[in-house]
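Next come the chains, spelled out residue by residue.
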Protein chains: 2
Amino acid sequence: MKAKSPLYQQVAHKMRMFIESGTWAPGEAIPTEAQLVEEFSVSRVTVRQAVKLLQEEGLLWKRQGSGTYVQSEKIEHNMYELKSFTEDMKREGKEVTNKVLTFTLQPPSEKVREALELEDGELVFYVRRQRFADGEPLIVEDTYLPLKLFPDLTYEVMSQSKYAYIEDVKQFKIADSVQEFIPVLPTKEIAEMLGVSERTPVLKVELYSFLMDGSRFEFTETYFKSEEYRFIIRAGRRH
Amino acid sequence: MKAKSPLYQQVAHKMRMFIESGTWAPGEAIPTEAQLVEEFSVSRVTVRQAVKLLQEEGLLWKRQGSGTYVQSEKIEHNMYELKSFTEDMKREGKEVTNKVLTFTLQPPSEKVREALELEDGELVFYVRRQRFADGEPLIVEDTYLPLKLFPDLTYEVMSQSKYAYIEDVKQFKIADSVQEFIPVLPTKEIAEMLGVSERTPVLKVELYSFLMDGSRFEFTETYFKSEEYRFIIRAGRRH
DNA sequence: CAGTGGTCTAGACCACTCA
DNA sequence: GAGTGGTCTAGACCACTGG
């Protein structure tokens, strides 16, 4: 299992440990690139690749001529990282449970057909799930998965982690996803499932995801109880 | 003006031109890295830096062993790039106008004081603006700017582009910003200014921004008419 | 002006895709 | 198996920060 990931990822991992353990304190400068080259016995390019990774994760920031520093503010749910709800909650030490409310094989709506670039006649699984963190409902999720890619999909699988199934069982490699953020008032049904009033706006996220080979494997509409689940990104300015 | 930007940015710029002009068509593969090295007479590392840039802008995607391709879907408002409303609309060929509704110097609220890390007694400018694209109201924005950083701020400036003032006039270097996305129902006042019903949810974005030296220079709450202004990101999965 | 991160090069080998 | 992008090295010079 401990196979061989690229060097720069191994270095990034070690650095992440230093940060999480507090060896490198928030707001403080980490060792210089030259020192890191020494410490990890890798080239400078590799060190910089590792730092770039942690920078994109929001853990580090750099200041030319001065040094590299540990970010002092942490981001709750970094939208720029495509993480599953399960992973996200585990990181916060919360337990995720799922309640599958609908599980049907059906013809796609026009919207779904387009989003997944389906051929005529292809069917999709439609799965509606209510998702809980430590027993509290935070999310209602409508997912559409092409039958062609997931002929073995089961109710059981969707009661667990969807991404774990796709990556670990199916061995698909997820590349990225396009997500749109839309504020909406929940329908009565969704409001009830989230435990909020119908007059409380919720955040709807529409996303379709890509595999490494460019094919689309899911279309999902997610409703977040936004009082309890904050969406934050750190966006850089280009010059 | 044409001074000397880093080589990889010049290369990225040329490549961006090829994409925008359609010389490299959407969905098609661009030349291989080896060919680009030839074409632009730079090292491979530099080519890869340029490609990385365009990849982060959502213009390209790569597939190991196969090639690098032009993205076929375009993103309307890439949240991961910190762009000003003015820049964003100009790119779409729309004309931006601003109506400054409030312009006062005042003591900060506790929330603003914390977000901007102000000392006791420091004052901030509070500016409320209504912002239009081709005459249509799309945004209401409440901005808080520290007096200490902008002692020369004028009503006139805020009628134009805030970021142009900060970068071109003040010569400050903007690094990045932390943004939170919150669905809300607009107050009566804001609903009116956006030309929507009070029962239409709008997207509120709270952000604070950083300069290159790590200092915070603005806290802003923005209300978007979300029917007309779509928020989309492309998020990558880490492995 | 010493030290930091930013950029750049030439060359090498590896992992993957695809005919 | 030829060709692609992915990783890695050693070494160099530049631009900026800060005492």
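Above: the structure in question.
Residues numbered from 1 in each chain as written. Chains lettered and ligands numbered in written order. Predicted model: local features only at pLDDT ≥ 70, side-chain atom pairs only at ≥ 80, totals over all residues. Heavy atoms only, no water.

1. Quick word on the overall build of chain A
When you go through chain A residue by residue, the secondary structure sums to eight helices and nine strands. Here chain A holds 239 residues, and the buried ones make up 51% of them. On chain A, roughly 12,100 Å² of surface is accessible, and the fraction owed to carbon and sulfur atoms is 50%. Counting 33 positive and 39 negative side-chain charges, chain A places the averaged centre of each group 5 Å from the other. (Helix = DSSP H or I, 4+ residues; strand = E, 2+ residues; numbered from the N terminus. Buried < 20%, exposed > 50% of the residue type's maximum accessible area, 1.4 Å probe, protein only. Areas by Shrake-Rupley, 256 points an atom, 1.4 Å probe, with all protein chains shown as cover. Lys, Arg positive; Asp, Glu negative; His and termini not counted. Charge placed at Lys NZ, Arg CZ, Asp CG, Glu CD.)

2. Concerning the pairing of strand E2 (residues 67-70) of chain A
All names here are of chain A. Bridging between strand E1 (residues 60-63) and E2 involves four bridges; their strand directions are antiparallel. Residue pairing across strands places tryptophan 61 opposite tyrosine 69, the latter belonging to E2. Between E1 and E2, which pair antiparallel one after the other, the connecting turn spans three residues, and glycine 65 there sits at a positive phi close to 80 degrees. (Pairing = 2+ DSSP bridges.)

3. Points about the relation of the copies chain A and chain B
Rotating chain A by 180 degrees and moving it 0.0 Å along the rotation axis overlays it on chain B with an RMSD of 0.1 Å. Interpreted geometrically, this transformation is the action of a two-fold axis. Within chain A, the C-alpha atom positioned nearest to the axis of rotation is that of A:Pro183, 2.4 Å from it. When the interface residues of chain A are mapped onto chain B, 100% of them again fall at the interface, so both copies present the same face. (Least-squares fit on C-alpha atoms with pLDDT ≥ 70 in both. Contact = heavy atoms within 4.5 Å.)

4. Some words on the environment of B:Ser66
Assignment of secondary structure puts B:Ser66 in the loop between strand E1 (60-63) and strand E2 (67-70). Separated by 59 residues in sequence, B:Ser66 and B:Leu7 place their C-alpha atoms 26 Å apart.

5. What to know about the nonpolar core
Of all hydrophobic cores here, the largest spans 26 residues; its most connected members are A:Phe231 and B:Phe231. Every element with two or more residues in this core is listed here: helix H4 (85-91), strand E5 (136-146), strand E7 (202-211) and strand E9 (231-236) of chain A together with helix H4 (85-91), strand E5 (136-146), strand E7 (202-211) and strand E9 (231-236) of chain B. (Core = buried A, V, L, I, M, F, W, Y, C linked by side-chain atoms within 4.5 Å.)

6. Points about the interface of chain A and chain B
The interface is formed by 49 residues belonging to chain A together with 49 residues belonging to chain B. Summing both partners gives a buried area of about 4,600 Å² for chain A against chain B, and 50% of it is carried by carbon and sulfur. Our count for the chain A to chain B interface comes out at six salt bridges. Of the charged contacts in the structure, one is a salt bridge between B:Glu56 and A:Lys52, with a shortest N-O distance of 3.2 Å. Taken together, the connections running from chain A to chain B amount to ten residue pairs in polar contact (both at pLDDT 80 or more). Mapped onto the side of chain A that touches chain B, the elements with two or more residues apiece are helix H3 (44-56), E1, helix H7 (162-169), strand E6 (174-184), E7 and E9 of chain A. The element contributing the most residues to the side of chain A that touches chain B is E6(A), with ten residues. Here the side of chain A that touches chain B is composed, by residue class, of 23 nonpolar, eight polar and 18 charged. Note that E9(A) and strand E6 (residues 174-184) of chain B share six bridges and pair antiparallel. Residue pairing across strands places A:Ala235 opposite B:Ser177, the latter belonging to E6(B). (Buried area = accessible area lost by both parts, 1.4 Å probe. Salt bridge = Lys/Arg side-chain N within 4 Å of Asp/Glu carboxyl O. Polar contact = N/O pair within 3.5 Å; in protein donor to acceptor, adjacent residues only side chain to side chain. Nonpolar A, V, L, I, M, F, W, Y, C, P; charged D, E, K, R; others polar.)

7. Details of the packing of aromatic side chains
The way to describe two aromatic rings as a pair is by their centre distance and the angle between their planes. For the coordinates displayed, the defined rule picks out 29 aromatic pairs over all chains. What links up through ring pairs into an aromatic cluster is the set A:Phe85, A:Phe181, A:Phe224, A:Tyr229, A:Phe231, B:Phe85, B:Phe181, B:Phe224, B:Tyr229 and B:Phe231. Residue placement shows A:Arg234 over the ring face of B:Phe210; its charged tip is 4.5 Å from the ring centre. (Phe/Tyr/Trp six-rings, centres within 6.5 Å; stacked < 30°, edge-to-face > 60°. Lys NZ or Arg CZ within 6 Å of the ring centre and 35° of its normal.)

8. Description of the packing of helix H1 (residues 7-21) of chain B against helix H2 (residues 33-40) of chain B
All names here are of chain B. In the contact formed by H1 and H2, the axes pass within 12 Å of each other and the chain directions differ by 110 degrees. Relative to H2, the element H1 is oriented roughly perpendicular. Only Leu36, Glu39 and Phe40 of H2 make contact with H1, whose side of the interface consists of Val11, Lys14, Met15 and Phe18. When its residues are assigned to classes, the contact of H1 with H2 shows five nonpolar, no polar and two charged. (Axes fitted to C-alpha atoms, helices over the stretch in contact; angles between N-to-C directions. Parallel < 35°, antiparallel > 145°, perpendicular 65-115°, else oblique.)

9. A closer look at the protein's contact with DNA strand C
By nearness alone, 24 residues border DNA strand C, and A:Arg44, B:Leu7, B:Ser43, B:Thr46 and B:Gln64 come closest of all. Here B:Gln64 contributes a side-chain N or O atom positioned 3.2 Å from a base nitrogen of DNA strand C. With respect to DNA strand C, the backbone of B:Gly65 contributes an N or O atom lying 3.5 Å from a sugar or linking oxygen. Mapped onto the surface near DNA strand C, the elements with two or more residues apiece are H3, E1 and E2 of chain A together with H1 and helix H3 (44-56) of chain B. If one sorts the elements of the surface near DNA strand C by residue count, H3(B) sits on top with three residues. By residue class, the composition of the surface near DNA strand C is five nonpolar, eleven polar and eight charged. (Near = heavy atom within 4 Å.)

10. Observations regarding the sheet that holds strand E4 (residues 124-133) of chain B
One open sheet accounts for seven strands, arranged E9(A)-E6(B)-E7(B)-E8(B)-E5(B)-E4(B)-E3(B); its pairing is antiparallel. The strands lining the two open edges of the sheet, one partner per strand, are E9 of chain A together with strand E3 (96-106) of chain B. Neighbour-to-neighbour, the strand axes of the sheet open up by a mean angle of 20 degrees, direction not taken into account. Most of the contacts of helix H7 (residues 162-169) of chain B go to strand E8 (residues 216-224) of chain B, to which it runs at about 160 degrees, and overall it touches E4, E5, E6, E7 and E8 of chain B.

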